[in-house]
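# Survey of secondary and tertiary structure
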Amino acid sequence: MKEFGNLAFDKKTMKENVPYPVYLKWKEAARNNATLDRETADSIAHAMKIWAISKGATSYTHWFQPLNGKTATKKTAFLNRDDKHNPINRFSGKELIIGEPDASSFPSGGMRSTFEARGYTYWDLTANSFILDKVLYIPSVFVSFYGEKLDKKLPLIESMNMVSKVSSKLCNLFLKDEHTYRVKAKVGLEQEFYLIDKKYFDQRIDLEYSGMTLVGSDPMVEKELISHYLGAIPERVNDFYEDVNKALYDLGIYMEAEHNEVGPNQFEIAIMFENANISVDNNQLLMYILEKTALKHDLVCLLKEKPFKNMAGSGKHNNYSLATNYGKNLFSPGKDPKNNMIFLLFLSAMVEFCNKYQKLIRIASSTVSNDYRLGGNEAPPAIISMFIGCDLEEVLKAIANDDFEEKIIANKVKIPHLGEIKTDTSDRNRTSPIAFTGNKFEFRMLGSSQSAADLNTVINIGMAEALEKIYARLEGCSEENLKEEAYKIIKEIYLANKNILFQGDGYSEDWKKEAEKRGLENYPTYLDALKAAKDARAYAIFEKVGIFSQKEIESLIYVGFEDVIKFFSAQLEILNNLIHQEILPSAMREIKGIKDYLSFMENEKLSQRARRINEEVGELLAYSEKISHLIERSEEIPDIEAKADFLQKETRQVAGEVRKISDSLEKLISRENYSMPNYVDMLKTL
């Protein structure tokens, strides 16, 4: 295990490489958000430089996460010149703490323009620096010249501090034997993805430029669905996984599980729980490693949520919990959940938050491409609901209704040689967007290509608000009245928010009707939720708690509308390219082949086939003209929201028709003449 984390400048490496007083100052700053003085920073930077060079690093970079949800770097060489122009490796405390990338080139929602390009990156000293491709990566946050947040990480860290502060206060009302001074938001992320052979990827314009197939019929693939899930990992993929695991091992990232997923050629890898900001960092690293390692094996890793129509979509299941500095999980019900006041209060806070901030959860969990995934094939629906299990709902009902007699299910199964074994008290509901899974909440809506930062920021803020209200009512209670008042709060929260608790089938049409009766919100698309949040000022909570200013909120909404516009504008351009560069030439080759055959033999059926291909080609060309017209019209719409609305509505309609015709043509054209790999080619076993 000596080699584990050998490329990470973690707590252990820090302790081994800096003077102990310096280590203590860093530890104090990391734990208590204290200021790190320049002398301490210089000492750490020197140690980090010596360590990094010994590991083969030649440069360093501040690694940050802009508003586009990706990561960015600006590499600087250690090598410099001294006063006498001799070569020297330099890296100071100032260079460790602050960097200066161009802020006008990243999404900012209008906050930064070319004439005001200055931006700064600041070291996140709670996260491990690491070496990748001979570069020392320094995890950082990103702000503008005036301090506006231009990244996803700084809001997350601030929200973690908020939930820690109020959670600690609440814990100390009940846990008298141990003083809680910190509560960490812990996150475990399960990453789903597809793998396909690179030679097929290179022949698909749509996959290359959008990460998803915009045309393609799926016959003969359904049979793969049953046999693939949790089956034996193909040898080629196993070799890929070995290289991924080695990279994670070197970076000190704990891989927890990996397996085949439901879709053919779909896989999953989960890494262990970490503090939320570190877990987000690790997942960004994981996505990079997956894509890079796949190429080494002549594969392409597809991280988009719905690369293949009618196949299972890919998510990034976000498992969330809260733990004290003593390691106590605040979502652990224990053997007697009805009398576990800490658990019940934190459970109630989660229920209240999820019901109150449905819009924000929907937006933070999704992107335009994730809309294609939600609502089927193992993905949750767009309607926010919670599954806490029949047993816990029975407990809450009993607290809310004095005469209610709770019915706790105690299932047992008999296993040969092992006797009777007790099972969980409730089943697992894979159609639920938010599910309690024993000692954590699993947010299943998050898309596979997304950063998890936004969702966890929203969870932390919402939980902090709900917990603050609970604490305000309990802090003045005597010890004799504390439990009684806590039960009153739990009862009130349950009765006010029980509409969001649902145990049944989230895919059913009956549930949509029932959800509407309950007053739950249903936003079929990301854009629908974004517009509703803007109109209802749902983002006001960010301004209220000081995470974002009104200007920053407006920029976030603007960036959201921009994302919709870019997605559908690109889709229109790609569809036009597919029609003219791939489908039309394929159809022409097929008709020519039929013509050559008919020059020797008469065959009315083949003549009909050629005429049908020709008719459908004509329809596609008509749609190509419509696409060009739509692009021109969209460019004339000045209002960004109206433009996003127009493009989504029109593109979805025309893309559906183009796909219908294209998929019909694919079935009429021989594999010899059809230029693009089809679903059978791409999704056959690796």
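These numbers were taken from a predicted model, which means no experiment stands behind them.

Another point: the overall build of the protein. Of regular secondary structure, the protein possesses 22 helices and 20 strands. Taken over the C-alpha trace, the protein has a radius of gyration of 28 Å; the compact-globule value for 686 residues is 26 Å, and the two agree within 12%. For the protein, the C-alpha atoms occupy an extent of roughly 95 × 85 × 65 Å along the three principal directions. Across the 686 residues that make up the protein, the buried fraction comes to 55%. Within the protein, counting contacts between residues at least 6 apart in sequence, those at least 24 apart form 74% of the total. The distance from the centre of the 90 positive side-chain charges to the centre of the 102 negative ones in the protein is 2 Å.

It is worth spelling out a negative patch on the surface at this point. Together, Glu 235, Asp 239, Glu 242 and Asp 243 make up a region of like negative charge exposed at the surface. Within the secondary structure, Glu 235 is located in helix H9 (residues 235-250).

Two elements in contact, helix H2 (residues 20-32) and helix H3 (residues 38-54), have axes separated by 10 Å at closest approach and are oriented at 110°. In this view, H2 runs roughly perpendicular relative to H3, as classed from their interaxial angle. The interaxial crossing formed by H2 with H3 has left-handed handedness. Where H2 abuts H3, its residues Val 22, Lys 25 and Trp 26 lie against Thr 40, Ser 43 and Ile 44. A per-class count over the contact of H2 with H3 returns three nonpolar, two polar and one charged.

Inspection of the entire model under this criterion finds 30 aromatic pairs. An angle of 45° between the planes, with centres 5.7 Å apart, marks the rings of Phe 240 and Tyr 241 as tilted. Pair check on accessibility: Phe 240 and Tyr 241 agree, each one buried. Members of the aromatic cluster, each reached through a chain of ring pairs, are Phe 331, Phe 343, Phe 346, Phe 436 and Phe 441. A cation sits over an aromatic face here: Arg 652 above Tyr 372, 4.9 Å from the ring centre.

So, on to the nonpolar core. Counting 132 residues, the largest nonpolar core has Tyr 320, Met 350 and Met 463 as the members making the most contacts within it. In terms of residue count, the dominant contributor to this core is helix H19 (residues 550-598) (16 residues). A domain-level breakdown of this core finds at least three residues from each of domain 2 (158-548) and domain 3 (563-683). Counting residues in hydrophobic clusters, the runner-up holds 52 residues, among them Tyr 23, Ile 253, Ile 271 and Met 287.

Structurally, the position occupied by Ser 366 is in the loop between helix H12 (358-364) and strand E16 (386-387). A distance of 3.1 Å separates the side chain of Ser 366 from the side chain of Arg 362, its partner in a polar contact. If we skip the residues at most four places from it in the chain, Ser 366 touches Asp 371, Leu 374, Gln 450 and Tyr 526.

Relative to the helices and strands, Ile 157 is located in helix H5 (residues 153-174). Ile 157 sits 121 residues away from Ile 278 along the chain, and the two C-alpha atoms are 9.9 Å apart. In this view, Ile 157 contacts Asp 124, Val 141 and Asn 277; residues no more than four positions away in its chain are not counted.

Our next topic: the environment of Arg 38. Counting through the fold element by element, Arg 38 comes out in helix H3. The sequence separation of Arg 38 and Tyr 249 amounts to 211 residues, and the corresponding C-alpha distance is 33 Å. In this structure Arg 38 touches Ser 92, Gly 93 and Lys 94, once residues within four positions along its chain are discounted.

For H9, which comprises 16 residues, the first-to-last C-alpha distance of 23 Å matches the rise-based estimate of 22 Å (1.5 Å per residue) to within 8%. All of the buried residues along H9 are Val 237, Phe 240, Tyr 241, Val 244, Leu 248 and Asp 250. Residues of H9 that are buried in the fold lie against strand E1 (8-9), strand E10 (183-197), strand E11 (255-260), strand E12 (266-271) and helix H10 (276-296). Just downstream of H9, Gly 252 is the residue with a positive phi angle, here 75°.

What follows is about the pattern of salt bridges. With the rule as written, the count across this model stands at 33 salt bridges. The partner of Arg 537 in a salt bridge is Glu 543, with the nearest N and O atoms 3.8 Å apart. According to the relative accessible area criterion, Glu 543 is partly exposed, its value standing at 36%. Here the salt bridges share partners, and the residues they tie into one network are Asp 124, Lys 153 and Asp 281.

Take the pairing of E11 next. Sheet topology note: the E11/E12 ladder contains five bridges and is antiparallel. When the bridges of E12 are listed, Met 255 appears paired with Ile 271. Once E11 ends, the chain turns through five residues before running back antiparallel as E12, passing Asn 265 with a positive phi of about 70°.

Let us look at the domain arrangement of the protein. On domain assignment, one finds that the protein holds domain 1 (11-150), domain 2 (158-548) and domain 3 (563-683). Computed over C-alpha atoms, the centres of domain 2 and domain 3 are 38 Å apart. Between domain 2 and domain 3 lies a buried interface of about 3,100 Å² when both sides are counted; carbon and sulfur atoms form 67% of it. When the buried surface of domain 2 facing domain 3 is broken down by residue, Ile 205, Leu 214 and Val 215 rank first, second and third, together holding 21% of it. Where domain 2 touches domain 3, the interface holds two salt bridges. Linking Asp 645 and Lys 531 is a salt bridge whose minimum nitrogen-to-oxygen distance equals 2.9 Å. Where domain 2 packs against domain 3, one counts ten residue pairs in polar contact (both at pLDDT 80 or more). Among the elements of the structure, E10, helix H7 (205-210) and helix H17 (526-535) are those that each provide at least two residues to the side of domain 2 that touches domain 3. With five residues, H7 is the largest single contributor of residues to the side of domain 2 that touches domain 3.

Parameters at a glance
Residues numbered from 1 in each chain as written. Predicted model: local features only at pLDDT ≥ 70, side-chain atom pairs only at ≥ 80, totals over all residues. Heavy atoms only, no water. Helix = DSSP H or I, 4+ residues; strand = E, 2+ residues; numbered from the N terminus. Rg over C-alpha atoms; globule rule 2.2 N^0.38 Å. Buried < 20%, exposed > 50% of the residue type's maximum accessible area, 1.4 Å probe, protein only. Contact = heavy atoms within 4.5 Å. Lys, Arg positive; Asp, Glu negative; His and termini not counted. Charge placed at Lys NZ, Arg CZ, Asp CG, Glu CD. Patch = residues over 30% accessible without salt bridge, like charges linked within 9 Å, V, L, I, M, F, W, Y side chains within 5 Å. Areas by Shrake-Rupley, 256 points an atom, 1.4 Å probe, with all protein chains shown as cover. Salt bridge = Lys/Arg side-chain N within 4 Å of Asp/Glu carboxyl O. Axes fitted to C-alpha atoms, helices over the stretch in contact; angles between N-to-C directions. Parallel < 35°, antiparallel > 145°, perpendicular 65-115°, else oblique. Left-handed = near helix turned anticlockwise from the far one by under 90°. Nonpolar A, V, L, I, M, F, W, Y, C, P; charged D, E, K, R; others polar. Phe/Tyr/Trp six-rings, centres within 6.5 Å; stacked < 30°, edge-to-face > 60°. Lys NZ or Arg CZ within 6 Å of the ring centre and 35° of its normal. Core = buried A, V, L, I, M, F, W, Y, C linked by side-chain atoms within 4.5 Å. Domains from an automatic or database assignment. Polar contact = N/O pair within 3.5 Å; in protein donor to acceptor, adjacent residues only side chain to side chain. Expected span 1.5 Å × (residues − 1). Pairing = 2+ DSSP bridges. Buried area = accessible area lost by both parts, 1.4 Å probe.

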